[in-house]
Amino acid sequence: MSDDKRPYWQKASQVFDERAQEYDSWYDDSLLFDIELAALQELETELVGPRVELGVGPGRFAAELGVAVGIDSARTPLTIAGRRIAGVCQGTGEDLPLIADGVGTLFILFTLCFMDQPQRVLAQAEQVLRPGGHLVLGMIPARGPWGQALQAKKEAGHPFYEYASFYEMKEVEGWLATAGLQVVELRSSLYQGPEGLVEFESSRPGWHGDAGFVVLVARKGVMG
Ligand SMILES: C[S@@+](CC[C@H](N)C(=O)[O-])C[C@H]1O[C@@H](n2cnc3c(N)ncnc32)[C@H](O)[C@@H]1O
């Protein structure tokens, strides 16, 4: 058993701190990035500001999505994100450093899987959203081709996935409902597997089990 007593978020974000430049460079000229970004840009829901991203990392997606403020538990990626977006803040999803009812759209992209209390994070997300505001959750479902490949990397000791837990769609939809967030749009993309990624893809509406990447948009009720 590990005797590392640090909070989980600190352990999970250490690799992103220590290898921030490597993580950022990974997206240079990346077809994967283009496909994932397109899926986010193809959402039909009207997403209002202010836009905030939790787990912003080096801010590649944030810069393209009009995010004003990025939050991350790791400091080094924030220094990179700070060159791409207006504001950055160190903090955790478990205790979001934001006032209640202030955010128009909250993005959580490729980050929920690094949190050991995802339900608490989604409850926090609901609190900080304005009534009628949206959470945009980009995730790699556990049973999709990419989820399985990344799980195998984790088991093989890949440092970036040591603290990742890939969740099932139904599980996440249940947590959103418990948090008081209603799913209003779903889009799927990345039908090419990790070994055969050769061309650009656009996303399709709905959730499809053979997709590697899914975006859920969940709305906070107007009546609070
Ligand atoms: C895979 S990266 C995603 C970065 C960015 N969203 C992207 O897609 O490029 C996950 C990020 O979540 C951050 N993170 C991990 N646990 C966190 C927590 N509990 N609270 C806030 N950020 C966390 C990590 O430091 C890391 O920068």
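Parameters at a glance
- Position labels on residues start from 1 in each chain and follow its written sequence.
- Where totals are concerned, whole chains, interfaces and linings use all residues; where local detail is concerned, this predicted model gives features only for residues with pLDDT of at least 70, and gives and counts side-chain atom pairs only at 80 or more.
- The side-chain figures draw on all heavy atoms in the structure; neither hydrogens nor water molecules are used.
- What is meant by a nonpolar core is a set of buried Ala, Val, Leu, Ile, Met, Phe, Trp, Tyr and Cys residues, joined one to another through side-chain atoms within 4.5 Å.
- Only protein chains enter the accessibility calculation, which uses a 1.4 Å probe. A residue is then buried if its area is under 20% of the maximum for its type, exposed if over 50%, and partly exposed in between.
- Segments assigned H or I by DSSP are reported as helices when at least four residues long, segments assigned E as strands when at least two residues long, and all are numbered from the N terminus.
- Here a residue-residue contact requires only that any non-hydrogen atoms of the pair lie within 4.5 Å.
- Axes here refer to lines fitted to C-alpha atoms; in helices the fit is confined to the stretch in contact. Angles between the N-to-C directions go from 0 to 180 degrees.
- Working rule for angles: under 35 degrees goes down as roughly parallel, over 145 as roughly antiparallel, 65 to 115 as roughly perpendicular, anything else as oblique.
- Crossing handedness: left-handed means the near helix sits turned counterclockwise from the far one by under a right angle, and right-handed means the same turn made clockwise.
- Nonpolar residues are Ala, Val, Leu, Ile, Met, Phe, Trp, Tyr, Cys and Pro. Charged residues are Asp, Glu, Lys and Arg, and all others, Gly as well, are polar.
- Note on aromatic pairs: the rings of Phe, Tyr and Trp (six-membered ring only in Trp) are paired at centre separations within 6.5 Å, and the planes decide the class, stacked below 30 degrees, edge-to-face beyond 60, tilted for the rest.
- Lysine and arginine charges are scored as sitting over a ring when NZ or CZ, respectively, is within 6 Å of the ring centre and within 35 degrees of the ring normal.
- Taken from the helix axis, the directions to the C-beta atoms give the arc we talk about.
- Any residue with a non-hydrogen atom lying within 4 Å of a molecule or strand is treated as near it.
- Polar contacts here mean pairs of N or O atoms no more than 3.5 Å apart (in protein, one a potential hydrogen donor and the other a potential acceptor; neighbouring residues in sequence count only if both atoms are side-chain atoms).
- The Shrake-Rupley method, run with a 1.4 Å probe, gives the accessible areas here. Residue values count only the displayed protein chains as cover.
- Just to be clear on terms, a salt bridge is a Lys or Arg side-chain nitrogen sitting within 4 Å of an Asp or Glu carboxyl oxygen.

(A) Broad picture of the nonpolar core. Ranked by internal contacts, the top residues of the largest apolar core, which has 39 residues, are F61, L65 and V136. Broken down by secondary-structure element, the contributors of at least two residues to this core are helix 1 (8-18), helix 3 (31-41), helix 4 (60-64), helix 5 (75-81), strand 4 (103-109), helix 7 (145-155) and strand 8 (213-220). With six residues, helix 3 is the largest single contributor of residues to this core. Here F61 is in contact with Y27, F33, E36, L37, L40, E53, L109 and F110, once residues within four sequence places are set aside.

(B) Representation of the packing of helix 6 (residues 118-128) against helix 8 (residues 169-179) in the model. The N-to-C vectors of helix 6 and helix 8 enclose an angle of 45°; their axes lie 9 Å apart at closest approach. Compared by their axis directions, helix 6 and helix 8 come out oblique. Note that helix 6 runs across helix 8; the crossing there is right-handed. Here P118, Q119, L122, A123 and E126 of helix 6 come into contact with helix 8, specifically with W175, L176 and A179. A class-by-class count of the residues in the contact of helix 6 with helix 8 yields six nonpolar, one polar and one charged.

(C) A look at the packing of aromatic side chains. Tallied over the full model, the rule gives 15 aromatic pairs. Ring geometry for Y23 against Y27: centres 5.9 Å apart, planes inclined by 85°, an arrangement best described as edge-to-face. For Y27, a relative accessible area of 6% corresponds to the buried category. Taken together through their ring pairs, the aromatic side chains of F16, Y23, W26, Y27, F33, F61, F110, F114, F160 and F213 make up a single cluster. Here R204 stacks its cationic end above the ring of Y191, 3.8 Å away from the centre of that ring.

(D) Highlighting helix 7. Those residues of helix 7 not exposed but buried are W146, G147 and L150. Seen end-on, helix 7 carries its buried residues on one side only, within an arc spanning 100°. Check the buried side of helix 7 and you find it contacts helix 3.

(E) Seen up close, the site of the ligand. Around the ligand, the surrounding shell holds 23 residues, and the nearest of these are E53, G55, D72, S73 and E94. E94 places a polar side-chain atom, nitrogen or oxygen, 2.9 Å from a nitrogen atom of the ligand. Note that a nitrogen atom of the ligand is positioned 3.0 Å from one of the backbone N or O atoms of L109. Relative to its free-state accessible area of 600 Å², the ligand is covered by the protein chains to the extent of 98%. At the level of elements, helix 1 and strand 1 (51-54) are the ones that each hand at least two residues to the shell around the ligand. Residue contributions to the shell around the ligand peak at three residues, all from helix 1. Residues that form the shell around the ligand fall into these classes: 12 nonpolar, eight polar and three charged.

(F) Focus on the pattern of salt bridges. Under the criterion given, the structure shown has 10 salt bridges. Residue D28 is joined to R60 by a salt bridge in which the shortest nitrogen-to-oxygen separation is 2.7 Å. Residue D28 is found in the loop between helix 2 (20-25) and helix 3, and its partner R60 is found in helix 4; the two are separated by 32 residues along the sequence. Note that E185 and R187 form a salt bridge whose closest N and O atoms lie 3.9 Å from each other. The exposure classification of E185 matches that of R187, with both residues buried. Via salt bridges that share partners, D24, D28, R60 and R84 belong to a single interconnected network.

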